[in-house]
Structure formats: C-alpha cells, structure tokens
Amino acid sequence: MPSSRLGRLGVFGRLAGGVAGAVLAEGARQLGSGKRPRLSELMLTPANAARVADRLSHLRGAAMKLGQMISMDAGDVLPPELSTILARLRNQAYRMPPKQLDQALQQEWGANWRRRFLHFEASPIAAASIGQVHRATMPDGRTLAVKVQYPGVAKSIDADVDNVATLLRISGLLTEEIELGPLLAAAKRQLAEEADYLREGREMRSYAERLAGDPRYVVPELVDELTTPRVLAMSFIEGRPIEMLADAPQRDRDAAMTALITLVLRELFEFGTMQTDPNFANYRWQPPSGALVLLDFGAARQVPASTAAAYKRLIQAGLRRDRDQIRAVAVETGFIGAAAAFEHRDAINRMIAAVDDASSGAGPFDFADRAFVPMVREEARTILADRNTWHVPDVETLFVQRKVSGTALLAARLRAKVDVRGLAAAATTQ
C-alpha cells in the first residue's frame, strides 16, 4: 500500500496512463466501425470504471473516502458508470501487509509494542478507507478494538482530493460550471479531522457522555494510554452487522430505526454535533436487548446554528403540509437553487407533492413503500440535465444531508416503519 506522496502520485499517473490507453483503443475501435464517440463515453467504459475503482481502493485514504462521501444515496441520479466505481470503492478491502502494520505500530508505540498485550490479532477484523481494525487482549483480560491508520494517509489528503477531482473533471462527469473550491476545501478539512485519532477519541467520549443511561445505545470506551494521533484503542463491543436486522421481526427493525432517527434529530437540534458518516458499518446490533453499537466518530462535526435553524423551518413547513412554504424555505436556505426553482418550478412542485403525500399518511411512515421514488428520480434527472441551473448547497448542509439521506437509506433497507412525523414534531417544538 503506497504511503509516500511520490508513490501515491505514481499510482495516479499509472491510472491516468491506463485510462488514456484504453480511451485510444476504444476510440479507434469505434471510429473503425463508423461511429463518432464522445470523450466522456470513452472515459467511462466498464473496463475503465473497474480500473479507476481498483486503483483508488488500493490507495485507500482520501481518494477512497471521497468516493464514499459522494456515494451514500446518490445512485438514483449519478451516471451508472460512476455509480459502479463508487460501489466498488465501498466494497473493496485492501489491507496492510503484516510488515507494514508492524512498522506503523512501532512508530506509534515503540519497538517492543507487543509486550503491551497478551495477544494481538495480526489479521484485521475490519478494513475501512483510512485505517483497519484489529482485536487485541490486554494482560488484565480486557478485549480491545485497535484502529490503525494506513501510513501516509494524513500527509496525502490534499493531493489525493485534488487528484480525484481532476479525474472526475477530465471524465466529463463534473463540468466547469460547478464551483468545486468550497467543496474540496471542506472535504480536505473533514478528512484531516478524521485522520486525527486523538480528536476522534474525544468525540467518542463526548457521545458516550451524552447517551449515558439510554439503553438503546452503546458507545465503546476510549483507552487513553494506547491512543495516539494514528492509533485509536477502545473497548471491543460485540454486535452483529446492522444489515442482519433485515431478517429480524418487524418490531425489532422499527425499534432500531426509531432509535437512529431519534439520534439524528437529537444531533441536529440538541447536541449541536453530528456524526456525519452514515456508513452501515458504523452501526452494530445487539440481540436480544436491541441496543445499537455506535462506531467511528471521526466524521463528528459541529452543526452551525444557522444550518439547524434551516432544517427546523423546513421540517415545520412539512409538518404543516404547506407546500409553497416548503419550496420557499428550500430556496431561501439553499437546499434548492433559485435558478432551478424558477426554471423547473413545476417539476419541483411535483417532487414536493409526491414526498408530502407519501409522508403524510396515517400511522408510521413505511420506508419499504418507495412507490414515489421513481417519479422523484425522473424529475430530479430532468433538473440535473439542465446544467445551467446546477446548484451546490452550502457545505454544512451537505454534511447534514448526507447523514439524513444515509439514515433513510438504511431504514429502507430494513423495511422499517417509524413515526417520523411524531419524532420530528417533538424535536422541533422543544
């Protein structure tokens, strides 16, 4: 796994060369058959999509994390080729070889680091974008989960993000009309914060304090003496992957998603801090208690009061079923661009009406009933096709919306039924 800037730049260079070679070959083939292909079509062949995903996932770090940040709930509107790349980035699991792992731990804990443990499992139990997790046993019998950061990740963030952005530009997926500057700066800042495991440890402890006494949630306990900026040590908490809830009784699925949606609302309107990464791997489920284990607090960030206020106004308009006000607030707060609201007013009105009708029925909201989604998807594609009205919402809104969308996606996966309106009303009237 390349750790130096030069090594990582070399991967991007080889990737660009491989893609360029494939473009030339495919272009020649299509020209020979009498076609006049477009560059974007040549860039995003299935072979190139696989090539891009494989190289970025091998790099891990910011390159892979950026793909994950884009991908949580955008598959309905992204080009299928980009969706393929992002799906592969979520699923690839390259790991550090043992020698590299040993070198990383020597750098953090010293040459005799193994003496700290009764046993340290060399094979990771989980691998993510910027680190991998190992199980370890302390001499006193405590079982720990130890997250070890991939070498070179923190130093490569700025270059990796810029290189991924360039890759998306030259592919034709992102046009010059989109101002990426603020988004790239925010991504770099967020990734730098996630690469600081001391910070993540503090956030984990804060969440444990906020949720203390609530049996619905379990947060690991930080082990200070083993935690460094590149290694995070915590108590190991047993739990099943939350996707396994899909086969559980309806009441268990409903209870779990009610707890998660309640947590999102508390983060937004009570804590003023939100863990903005809704990756399913960040949640575990403990039968028979039904408790949810919360993992990975690197993406926890403060929610500005103005962002929380915008969501409160939007929710309150939705609870009143005031569709004109929903649209007005969405434009005023930047959820929808003013140009899009003007040029595509009828399409936006139909989208608002579809969501309002679906969410205002009697009883809990059934996340498995996605009959309205195809219509909303088609209307969104029509709007997105008009590049003259493209609009990038405020960065802070994007982080919050990523958590909201990811939570809804999980609820749909689990086919949960939740009294969303009741929870939202309680959260916005306090």
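Criteria and thresholds
Every chain's residues receive numbers from 1 upward, in the order its sequence appears when written. Per-residue local features of the predicted model are confined to residues with pLDDT of at least 70, and side-chain atom pairs are confined, for both listing and counting, to 80 or more; whole-chain, interface and lining totals are unaffected and use all residues. Excluding hydrogens and water, the side-chain values take into account all heavy atoms of the structure. Going along the chain from the N terminus, every DSSP run of H or I of four or more residues is numbered as a helix, and every run of E of two or more is numbered as a strand. In this scheme, a residue with accessible area under 20% of its type's maximum is buried, one over 50% is exposed, and one in between is partly exposed, where area comes from a 1.4 Å probe on protein chains only. We call two residues contacting when some pair of their heavy atoms lies within 4.5 Å. Centre distance within 6.5 Å is the pairing criterion for rings of Phe, Tyr and Trp, where only the six-membered ring of Trp is used; planes under 30 degrees apart are then read as stacked, over 60 as edge-to-face, and the remainder as tilted. To get an axis, fit a line to the C-alpha atoms, keeping to the stretch in contact for a helix; angles then go from 0 to 180 degrees between the N-to-C directions. Working rule for angles: under 35 degrees goes down as roughly parallel, over 145 as roughly antiparallel, 65 to 115 as roughly perpendicular, anything else as oblique. For any pair of crossing helices, the crossing counts as left-handed if the nearer helix is rotated counterclockwise from the farther one by less than a right angle, and right-handed if it is rotated clockwise. The nonpolar class holds Ala, Val, Leu, Ile, Met, Phe, Trp, Tyr, Cys and Pro. Asp, Glu, Lys and Arg form the charged class, and all remaining residues, Gly among them, are polar. Whenever a carboxyl oxygen of Asp or Glu lies within 4 Å of a side-chain nitrogen of Lys or Arg, that contact is scored as a salt bridge. For two strands to pair, DSSP has to find at least two bridges joining them. Whenever two N or O atoms come within 3.5 Å, that pair is a polar contact, provided that in protein one can donate a hydrogen and the other can accept it, and provided that, for residues adjacent in sequence, both atoms are side-chain atoms. Helix span is expected to be 1.5 Å times the residue number reduced by one. Here, the term nonpolar core denotes a set of buried Ala, Val, Leu, Ile, Met, Phe, Trp, Tyr and Cys residues that are joined through side-chain atoms within 4.5 Å.

Draft legend 1. The overall build of the protein, seen in detail. Looking only at helices and strands, the protein features 17 helices and 13 strands. For the protein, buried positions account for 47% of its 430 residues. For the protein, long-range pairs separated by at least 24 residues make up 70% of all intrachain contacts whose partners lie at least 6 apart in sequence.

Draft legend 2. Representation of the packing of aromatic side chains. Here the structure, examined in full by the defined rule, presents nine aromatic pairs. Arranged with centres 6.1 Å apart and planes meeting at 50°, the rings of Trp109 and Trp113 form a pair that is tilted. Look at Trp109 and you get buried, because its relative accessible area is 8%. When the centroid spacing of 5.0 Å and the interplanar angle of 45° are considered together, the rings of Tyr207 and Phe297 count as tilted. One end of the pair, Tyr207, is in helix H9 (residues 197–210); the other, Phe297, is in the loop between strand E10 (291–294) and strand E11 (300–302), with 90 residues separating them in the sequence.

Draft legend 3. How the structure looks around the packing of helix H8 (residues 181–194) against helix H16 (residues 395–414). Where H8 contacts H16, the two axes come as close as 10 Å, and the packing angle between them is 60°. Considered as vectors, H8 and H16 are oriented oblique to each other. Crossing handedness for the pair H8 and H16: right-handed. Contacts between H8 and H16 involve Pro182, Leu183, Ala186, Arg189 and Gln190 from the former and Val395, Glu396, Leu398 and Phe399 from the latter. For the contact of H8 with H16, the residue count by class is six nonpolar, one polar and two charged.

Draft legend 4. Quick look at the environment of Ala291. Inspection of the secondary structure assignment puts Ala291 in strand E10. Since its relative accessible area comes to 4%, Ala291 is described here as buried. On a C-alpha basis, the gap between Ala291 and Gly239 in space is 9.0 Å, while along the polypeptide they are 52 residues apart. Ignoring sequence-local partners within four residues, the contact set of Ala291 consists of Pro215, Arg216, Val218, Arg284, Trp285 and Gln286.

Draft legend 5. Examining the pattern of salt bridges more closely. Tallied over the entire structure, the rule returns 21 salt bridges. The salt bridge involving Asp296 is made with Lys147; its shortest N-O contact spans 3.8 Å. Highlighted residues: Asp296 in the loop between E10 and E11 and Lys147 in strand E4 (residues 143–149), separated in sequence by 149 residues. Judged by relative accessible area, which is 11%, Lys147 ranks as buried.

Draft legend 6. Structural context of the sheet that holds E10. Strand order in the open sheet made by the four strands is E5-E10-E9-E7, with mixed pairing throughout. In this open sheet, the two edge strands, each paired with only one partner strand, are strand E5 (217–218) and strand E7 (240–241).

Draft legend 7. View of the side chain of Ser360. Mapping Ser360 onto the fold places it in the loop between helix H14 (345–359) and strand E12 (365–366). By relative accessible area, Ser360 is classed as buried at 19%. Polar side-chain contacts of Ser360 include one of 3.2 Å to the side chain of Arg321. Engagement of the side chain of Ser360 in a polar contact is seen with the backbone oxygen of Asp356, the distance being 2.7 Å. Residue contacts for Ser360: discarding those within four places in its chain leaves Arg321 and Arg421.

Draft legend 8. Just helix H11 (residues 305–319), in detail. Its 15 residues give H11 an end-to-end C-alpha distance of 21 Å, which sits within 8% of 21 Å, the value for a rise of 1.5 Å per residue. Here H11 has its buried residues at Thr307, Ala308, Ala310, Tyr311 and Ala317. Contacts made by the buried residues of H11 are with helix H10 (250–271), helix H12 (323–332) and H16. In the segment just after H11, Arg321 is the residue with positive phi, at about 60°.

Draft legend 9. Expanded view of the nonpolar core. Of all hydrophobic cores here, the largest spans 58 residues; its most connected members are Trp109, Phe117, Phe120 and Met257. In this structure Phe117 touches Trp109, Ala136, Thr137, Met138, Pro139, Leu144 and Leu226, once residues within four positions along its chain are discounted. Counting residues in each nonpolar core, the second largest holds twelve residues, with Ala341, Ala347, Ile352 and Ala380 among its members.

Draft legend 10. Expanded view of the pairing of strand E6 (residues 231–235). Summarising burial for E6: five of the five residues are buried, a large majority. Summarising the sheet, E4 and E6 pair through five bridges and their orientation is antiparallel. The residue of E6 that forms the bridge with Val148 is Val231.

Draft legend 11. Quick peek at the environment of Gln250. Assignment of secondary structure puts Gln250 in helix H10. What makes Gln250 partly exposed here is its relative accessible area of 28%. Along the chain, Gln250 and Lys417 lie 167 residues apart, while their C-alpha atoms are 8.1 Å from each other. Among all residues touching Gln250, those that are not within four sequence positions of it are Arg415, Ala416 and Lys417. Within the local environment of Gln250, its side chain forms a polar contact with the side chain of Asp254, the two groups lying 2.7 Å apart. A distance of 3.0 Å separates the side chain of Gln250 from the backbone oxygen of Arg415, its partner in a polar contact.

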